[in-house]
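One-letter residues, chain by chain:
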Amino acid sequence: FSDDVCVLKPYQQSEKTVEAIASYPMMKLWDDTINVLNDDQFEKKHKIRPEMEKYSHFFHSSFDRKAYPIKKLFFLHPVDENIQYESRKVSGLEAFEWLGKNTYRRQFILDHEMQRLHLESISKLISTAEILIKKKKKNESDISSFTDFVEKYI
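The rules behind these values
- Residues numbered from 1 in each chain as written.
- Predicted model: local features only at pLDDT ≥ 70, side-chain atom pairs only at ≥ 80, totals over all residues.
- Heavy atoms only, no water.
- Helix = DSSP H or I, 4+ residues; strand = E, 2+ residues; numbered from the N terminus.
- Buried < 20%, exposed > 50% of the residue type's maximum accessible area, 1.4 Å probe, protein only.
- Salt bridge = Lys/Arg side-chain N within 4 Å of Asp/Glu carboxyl O.

Trainee: I'm lost on unusual backbone geometry in this one. Help?
Mentor: Excluding glycine, a negative phi dihedral is what most residues carry, and trans is how most peptide bonds are arranged. Despite not being glycine, asparagine 38 shows a phi value in the positive range, around 50°. Inspection of the secondary structure puts asparagine 38 in the loop between helix H1 (31–37) and strand S4 (46–47). Even without being glycine, arginine 105 reaches a positive phi, approximately 55°. Relative to the elements of secondary structure, arginine 105 occurs in the loop between helix H2 (92–101) and helix H3 (112–128). Note on arginine 105: relative accessible area 47%, which makes it partly exposed.

This is how it looks when you write it as structure tokens:
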């Protein structure tokens, strides 16, 4: 499990998949999500930013530092209310665009070797992992719908 950010191991030709390592033992939860979860382990103690109603939940003691092959990627995509909601797999150029725009700090991939590794990793992910998009209303916590979506594909 990784919330937003994970580190990809550089893709090697000899490997069948791209591996990822969760980057930090923290989940970021919106205020309304914590309310819906109604679980004492999720507290509104550590605000991510003063102006946001979003909180961090740490799990240092159970953090797993191992690299795992990426088999599925789930993107949660907030949309305006007047758009039809959908859950679907993406592939090809659309998957490439999703992975590209979700590359953290892509502006720092400057030299040719890093660009090559990045493109090879994305290409390998597209060919070996399922990439799934779940559209949802902005500012809506629909945990059961997202959980059902993830469980359907795992």
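On we go from here.
Trainee: Quick question: what am I supposed to make of the pattern of salt bridges here?
Mentor: As a working rule, side chains carrying opposite charge can pair if their charged atoms are close by. Taken as a whole and judged by the stated rule, the model has nine salt bridges. Ionic pairing is found between lysine 9 and glutamate 19, a salt bridge with its closest N-O pair at 3.0 Å. Residue lysine 9 is found in the loop between strand S1 (6–8) and strand S2 (19–22), and its partner glutamate 19 is found in strand S2; the two are separated by ten residues along the sequence. Its relative accessible area of 31% is what places lysine 9 among the partly exposed residues. Of the charged contacts in the structure, one is a salt bridge between lysine 45 and glutamate 43, with a shortest N-O distance of 3.4 Å. Classification of lysine 45 by relative accessible area gives exposed; the value is 58%. Taking the relative accessible area as the measure of exposure, glutamate 43 reaches 41% and is therefore partly exposed.

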